[in-house]
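# Chain and residue survey
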Amino acid sequence: MRNIRIGLLGCGTVGEEFAGLLLERRSAIEDVAGISLELVRVAVRDPGKPRSVALDPAVFTTNAYDVVKAEDVDLVVELIGGTSPAGELVTAALNAGKPVVTANKELVASAGPDLFAAADRAGVDLFFEAAAVAAVPLLRPVRESLLAEDVTRVAGIVNGTTNYMLTRMTADGLGFEEALAKAQELGYAEPDASADVEGADAASKIAILASLAFNRSVMADDVSREGITGLLAEDFELAARFGFDIKLLAVAERFTGPPDARGTIGAQVFPALISRDHPLASVRESFNAVFVTTSAAGELMFYGHGAGPRPSASAILGDVVGAAEHLARGTHRRVPVGRPAALRPTRDLVHSYYIRADVDEAPGVLSEVTGVFGRHGVSIRTVDQHGSESQARIVFLTFPAPEHALHDALEELHDLDHVRAVGRVLRIYT
């Protein structure tokens, strides 16, 4: 039996869960994989801090580079987060010929190509399943099982925190701040939840997924994003009236045509109206679900827990076992990511839209507003109007149109004398 010695960088909430799960599952892993996993070094800020898992105090150090360079460490698990010093530490481990397992979505989405190249040069693994949708086994099927497939779209719910919040705002009528406080109370959201609610976390995840699915390098900054801040109770009420729920979606799609043979890629994160009979509408609480659309296999759905330290620890341990098996055999699995993606401008992406506007209750106003949309090529599918003697609220659902056409129409709409306000505009996902 081969003994693989592990160095852990960071032992916060997820790190403690990983260490505990490793101890809990160690015997079963030995029986199934024929590999013994031993946690020999752990880098932390405070070695004396009380922890939920019983580890030998001798394994702790405050110097992360000592862990990376140690001769008695065969494999490194990075759970520090952020891009620095995590990036330098991961690079140093790879250059030293040590496989790395990380849950650091920000690092992979911003420096992935350089890290993948370093791992390939060293002939070792860089695994990052937990960087996408926690416990859901998605990255390995995309990078291995679907390697020969023609993937055309990856889309779904990839942030458990916001999905929990939107579930509570839909089902219980909670406001944004109330839903956020509940998510923080349950440990789904950090004290600073801006990366979740503003869409940055989901943007990093869809960048990683798009890179693997399309064999093109997509960075987090390539993803246009809108978060769920600013959503009001009336948006949920109006969505329900039309038979929709509101979800924060991450969508990456490959379009055939110039400027390269593989086509252009559009990547977005946005809150969207989604029909209640769509499978994604039934994904509630902190669960995630991702659809992968391919030319041969059709549409595949991956579903599971997308938030929480235990699900993340499960994905990390799975990667550790895989990397340890490769290390024992002297092999590695390269990350199949090609040259930088040719990006389709967001303004050229096509959606249907939900638009809410407050207008004066006066003859001809509705005709004037719909005329603006028509001049810019945005066709109205449904109109709902209600209000008082002096003011009306109009809700429009449109047919598909390019985003630049909608933006041009909204600019003109703001200039109309009888339009008092234009509320949140949401895309409709089909």
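Preceding this section is the structure that the text describes.
Predicted model, so just to flag it, every value in this text is computed and none were measured.

### Some remarks on the pattern of salt bridges
Per the counting criterion, the structure on display carries 28 salt bridges. For the salt bridge of Arg241 with Asp384, the shortest nitrogen-to-oxygen distance reads 2.8 Å. Within this pair, whereas Arg241 is found in helix H11 (residues 233–241), its partner Asp384 is found in strand E14 (residues 380–387), the two being separated by 143 residues in sequence. In this structure Arg241 comes out as partly exposed when scored by relative accessible area, which is 48%. Here Glu403 and Arg427 are joined by a salt bridge, their closest N and O atoms 2.8 Å apart. With a gap of 24 residues between them, Glu403 in helix H14 (residues 403–414) and Arg427 in strand E18 (residues 426–429) connect regions that are remote in the sequence. The same class applies to Glu403 and to Arg427, which are both buried. A cluster of three or more residues bridged by salt bridges with shared partners is formed by Glu234, Asp235, Arg356, Asp358 and Arg393.

### Re the nonpolar core
One finds Phe128, Leu138 and Val292 to be the most contacted residues of the largest nonpolar core, which totals 85 residues. Core analysis: the next-biggest nonpolar cluster, separate from the first, contains 33 residues, Leu37, Phe60, Leu75 and Leu79 among them.

### Some details on empty space enclosed by the protein
Tallied over the entire structure, the rule returns three cavities of 30 Å³ or more. Taken as a whole, the largest cavity encloses approximately 80 Å³ of empty space. What lines the largest cavity is a set of 14 residues, among which Val108, Phe116, Ile208, Ser211 and Val218 lie closest to the centre. Elements supplying a minimum of two residues to the lining of the largest cavity: helix H4 (105–122) and helix H10 (200–214). Counting residues per element, the lining of the largest cavity draws most heavily on H4, at five residues. Tallied by class, the residues present in the lining of the largest cavity amount to 11 nonpolar, three polar and no charged.

### Structural notes on the side chain of Arg143
Structurally, Arg143 is set in helix H6 (residues 139–145). No salt bridge is formed by the buried Arg143; the nearest opposite charge belongs to Glu144, separated by 4.7 Å. With residues near it in sequence (within four places) discarded, Arg143 still touches Leu126, Phe127, Phe128, Leu212, Arg333, Arg334, Val335 and Pro336.

### Some remarks on the sheet that holds strand E3 (residues 60–61)
The strands that make up a sheet pair up through hydrogen bonds in the backbone, lying either parallel or antiparallel. With parallel pairing, six strands are arranged side by side in an open sheet as E3-E2-E1-E4-E5-E6. Strands at the two margins of the open sheet, each flanked by one partner only, are E3 and strand E6 (126–127). Where strand E4 (residues 75–78) and strand E5 (residues 100–102) come together, three bridges link them in parallel fashion. In the strand pairing of E5, Val76 is matched with Val100. Of the strands in this sheet, strand E1 (2–9), strand E2 (35–43), E4, E5 and E6 are in contact with helix H12 (residues 309–329), which crosses E2 at around 115°.

### Considerations on the layout of surface pockets
Counted as a void, the largest pocket has a volume near 1,200 Å³. Residue lining of the largest pocket: 43 residues in total, with Val14, Ala103, Lys105, Glu190 and Asp201 positioned closest to the centre. Contributing elements (two or more residues each) for the lining of the largest pocket: helix H1 (13–33), H4, helix H5 (130–133), helix H7 (160–171), helix H9 (194–197), H10 and H12. For the lining of the largest pocket, a count of residues per class yields 19 nonpolar, 14 polar and 10 charged. Quantified by volume, the second largest pocket comes out at close to 420 Å³. Considering the residues around the second largest pocket, the lining is formed by 16 residues, among which Gly10, Cys11, Ala43, Val44 and Arg45 are closest to the centre. Its residues placed into classes, the lining of the second largest pocket shows nine nonpolar, three polar and four charged.

### A look at H11
For an α-helix, 3.6 residues make a turn, and residues three or four places apart therefore share a direction. Those residues of H11 that fall on the buried side of the exposure criterion are Asp235, Phe236, Leu238 and Ala239. Buried residues along H11 cover an arc of 165° about the axis, so they all sit on one side. Positive phi shows up at Gly243, right after H11, with a value of about 85°.

### A look at unusual backbone geometry
The linkage connecting Ser84 with the following residue, Pro85, adopts the cis geometry, with an omega of 10°. Position of Pro85 among the secondary structure elements: in the loop between E4 and helix H3 (86–95). Even without being glycine, Asn215 reaches a positive phi, approximately 55°. In this structure, Asn215 sits in the loop between H10 and strand E8 (224–225). Of the residues examined, Asn215 reaches a relative accessible area of 33% and is grouped as partly exposed. One non-glycine residue, Glu285, lies in positive phi territory at about 55°. Turning to its location among the elements, Glu285 is positioned in the loop between strand E10 (264–275) and strand E11 (287–294).

### Some words on the packing of H7 against helix H8 (residues 176–185)
H8 packs onto H7 with a crossing angle of 130° between their chain directions and a minimal axis gap of 9 Å. The orientation of H7 relative to H8 falls into the category oblique. For the pair H7 and H8, the crossing hand works out as right-handed. Judged by residue contacts, Thr161, Tyr164, Met165, Arg168 and Met169 of H7 engage Phe176, Ala179, Leu180, Lys182 and Ala183 from H8. In terms of residue class, the contact of H7 with H8 is built from seven nonpolar, one polar and two charged.

Parameters at a glance
Every chain begins its residue count from 1, and numbering advances along the sequence as written. Local features in this predicted model are restricted to residues of pLDDT 70 or higher, and side-chain atom pairs are both shown and tallied only at a pLDDT of 80 or more, whereas totals for entire chains, interfaces and linings draw on every residue. Based on all heavy atoms of the structure, the side-chain values leave hydrogens and waters out of the count. Note on definitions: salt bridges are taken to be side-chain nitrogens of Lys or Arg within 4 Å of carboxyl oxygens of Asp or Glu. Counting from the N terminus, the helices are DSSP H or I runs at least four residues long and the strands are E runs at least two residues long. Working definition: with a 1.4 Å probe on protein chains only, accessible area under 20% of the residue-type maximum means buried, over 50% means exposed, and in between means partly exposed. We define a nonpolar core as any set of buried Ala, Val, Leu, Ile, Met, Phe, Trp, Tyr and Cys residues linked to one another through side-chain atoms lying within 4.5 Å. Throughout, the protein atoms alone are placed on a 1 Å grid, and a set of points is a cavity if a 1.4 Å probe fits but cannot get out or a pocket if it is open with protein on both sides within 12 Å along at least five of seven lines; lining residues have an atom within 4 Å of a point. Grid points are joined across faces, edges and corners, and a volume is the space filled by probe spheres set on the points. Gly is placed with the polar residues, together with every amino acid not listed as nonpolar (Ala, Val, Leu, Ile, Met, Phe, Trp, Tyr, Cys and Pro) or charged (Asp, Glu, Lys and Arg). Only four residue types enter the charge count, namely Lys and Arg as positive and Asp and Glu as negative; His and the chain termini do not. Any two residues whose heavy atoms approach within 4.5 Å at even a single point are treated as in contact. By definition, two strands form a pair when at least two bridges between them are found by DSSP. Only the contacting stretch of a helix is used when fitting its axis, a line to C-alpha atoms as for every element, and angles between N-to-C directions run 0 to 180 degrees. Summarising the geometry, the arc corresponds to the directions from the helix axis toward the C-beta atoms. An angle counts as roughly parallel when it lies under 35 degrees, as roughly antiparallel when it exceeds 145, as roughly perpendicular when it falls between 65 and 115, and as oblique in every other case. Should the near helix be turned counterclockwise from the far one by less than a right angle, the crossing is left-handed, whereas a clockwise turn marks it as right-handed.

Honestly, it's all geometry; don't read function into it.
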